[in-house]
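Structure assessment
Now for the letters of each chain:
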Amino acid sequence: MSKETSRFAFVSSDTGDARAALQSLSARYGQIPVAEADIIVALGGDGFLLQTLRDTMSSGKKVYGMNRGTIGFLMNEYRAGGLEERISRAVPETIRPLEMVAVTRDGESVSALAINEVALWRQSYQTAKIRITVDEQVRLEELNCDGVMIATPAGSTAYNLSAHGPILPLDAPLLALTPVSPFRPRRWRGALLSNKAIVRFDILESEKRPVNAAADHTEVKAIASVTVRESPTATATLLFDPNHSWNERILAEQFRY
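Residues numbered from 1 in each chain as written. Predicted model: local features only at pLDDT ≥ 70, side-chain atom pairs only at ≥ 80, totals over all residues. Heavy atoms only, no water.

Re unusual backbone geometry
Note that the residue after Arg184, namely Pro185, is joined by a cis bond; omega there is -10°. Looking at the secondary structure, you find Pro185 in the loop between β11 (174-180) and β12 (191-194). Even without being glycine, Glu136 reaches a positive phi, approximately 70°. Within the fold, Glu136 resides in the loop between β8 (128-134) and β9 (137-145). For Glu136, a relative accessible area of 79% corresponds to the exposed category. (Helix = DSSP H or I, 4+ residues; strand = E, 2+ residues; numbered from the N terminus. Buried < 20%, exposed > 50% of the residue type's maximum accessible area, 1.4 Å probe, protein only.)

Notes on the pattern of salt bridges
The tally for this structure, following the rule as stated, stands at 12 salt bridges. Note that Arg19 is salt-bridged to Asp14, the shortest N-O span being 3.0 Å. The exposure class assigned to Asp14 is exposed, which follows from its relative accessible area of 64%. In this structure, Lys129 engages Glu205 in a salt bridge whose closest nitrogen and oxygen atoms are separated by 3.3 Å. One end of the pair, Lys129, is in strand β8; the other, Glu205, is in the loop between β13 (199-204) and β14 (211-215), with 76 residues separating them in the sequence. (Salt bridge = Lys/Arg side-chain N within 4 Å of Asp/Glu carboxyl O.)

Section: helix α1 (residues 16-29)
Compared with an ideal rise of 1.5 Å per residue, which puts 14 residues at 20 Å, α1 spans 20 Å between its outermost C-alpha atoms and is within 8% of the ideal. Among the residues making up α1, those that are buried are Ala18, Ala21, Leu25, Ser26 and Tyr29. All buried residues of α1 lie within an arc of 125° about the axis, which places them on one face of the element. Set apart from the buried face of α1 by more than 90 degrees, the exposed residues are Gly16, Gln23 and Ala27. Summarising the contacts, the buried residues of α1 are in contact with β1 (8-12), β2 (39-44), β3 (62-67) and α3 (83-89). (Expected span 1.5 Å × (residues − 1). Arc of directions from axis to C-beta. Contact = heavy atoms within 4.5 Å.)

Remarks on the sheet that holds β1
Strand order across the open sheet formed by five strands is β1-β2-β3-β17-β4, with mixed pairing between neighbours. Unpaired on one side and paired on the other, β1 and β4 (91-95) mark the two borders of the sheet. The mean angle between the axes of side-by-side strands here comes to 30°, regardless of whether they run parallel or antiparallel. Sheet topology note: the β2/β3 ladder contains six bridges and is parallel. The residue of β3 that forms the bridge with Ile40 is Val63. Along the sheet, α1 makes contact with β1, β2 and β3, crossing β1 at roughly 165°. Strands β1, β2, β3, β4 and β17 (236-240) of the sheet are contacted by helix α2 (residues 46-55), whose axis makes an angle of about 150° with β2. (Pairing = 2+ DSSP bridges. Axes fitted to C-alpha atoms, helices over the stretch in contact; angles between N-to-C directions.)

Examining α2
Buried within α2 we find Asp46, Leu49, Leu50, Thr52 and Leu53. Down the axis, α2 shows its buried residues gathered within 155° of arc, on one side only. As for α2, its buried residues are in contact with β1, β2, β3, β4 and β17.

Here we look at the pairing of strand β7 (residues 117-122)
Bridge count for β7 against strand β10 (residues 147-151) is five bridges, and the pairing is antiparallel. Within β10, the position partnered with Glu117 by the bridge is Ala151. Bridge count for β7 against β14 is five bridges, and the pairing is antiparallel. Bridge assignment links Ala119 to a residue of β14, and that residue is Ala214.

Some details on the environment of Thr237
As for its placement among the helices and strands, Thr237 is situated in strand β17. Look at Thr237 and you get buried, because its relative accessible area is 16%. A sequence separation of 116 residues divides Thr237 from Trp121, and the C-alpha atoms of the two residues are 30 Å apart. Beyond its immediate stretch of four places on either side in the chain, Thr237 contacts Leu53, Lys61, Lys62, Val63, Pro92, Glu93 and Thr94.

Interpretation note: all reported values are geometric properties and have no functional meaning in isolation.
Printed below as a string of structure tokens:
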């Protein structure tokens, strides 16, 4: 495929393997600016892929990732040959991010999107005390913990999984509400919520027990409250090889030991 007819824009992380792949594929298939491309080929790991999705959110562009990182759970296998055919046969999956509105103790309001999760965690040596409200009904008057998060299906295999949260199929209309090191109630392991739910976290004793919040990489310090819901408008589209689909990887991950 010549540079004049290429529909692909190749982008890469800063690692040596990713940069080498960028040079090789650009020479082989041509390169056009991201703004002019229909397909963005992201070369790197899961973190770089998520950054690419954030950068192209709601643009209508599709992102096809090839693993030049470490784990690459969201990535397709790297192969230089047959890229046009692979992309033409790829299966699209639409991702909706979370919208976070965090209010600080000083009254500042900060909004951000999260493809993976919105997470809260304690800022000091003392445990956080957090009240959890779902759709205007208080569900936990007081959670004593190191932190708590809401994860999307796309983010359920990241921080959420490390905190022993459930893995969600990408097309599941669910969000995972998962505590981090809960102290009281000690046996509470979280909840599965509808993706239409609106969740509010209120920080109790916020001056004595300060809490930070983050929507993926956007961090807000010393929060008083955080409200989270799935975005009704923002979307991103990932492309997966049909023989290595997201749902297959989700299923396989649940049977690993």
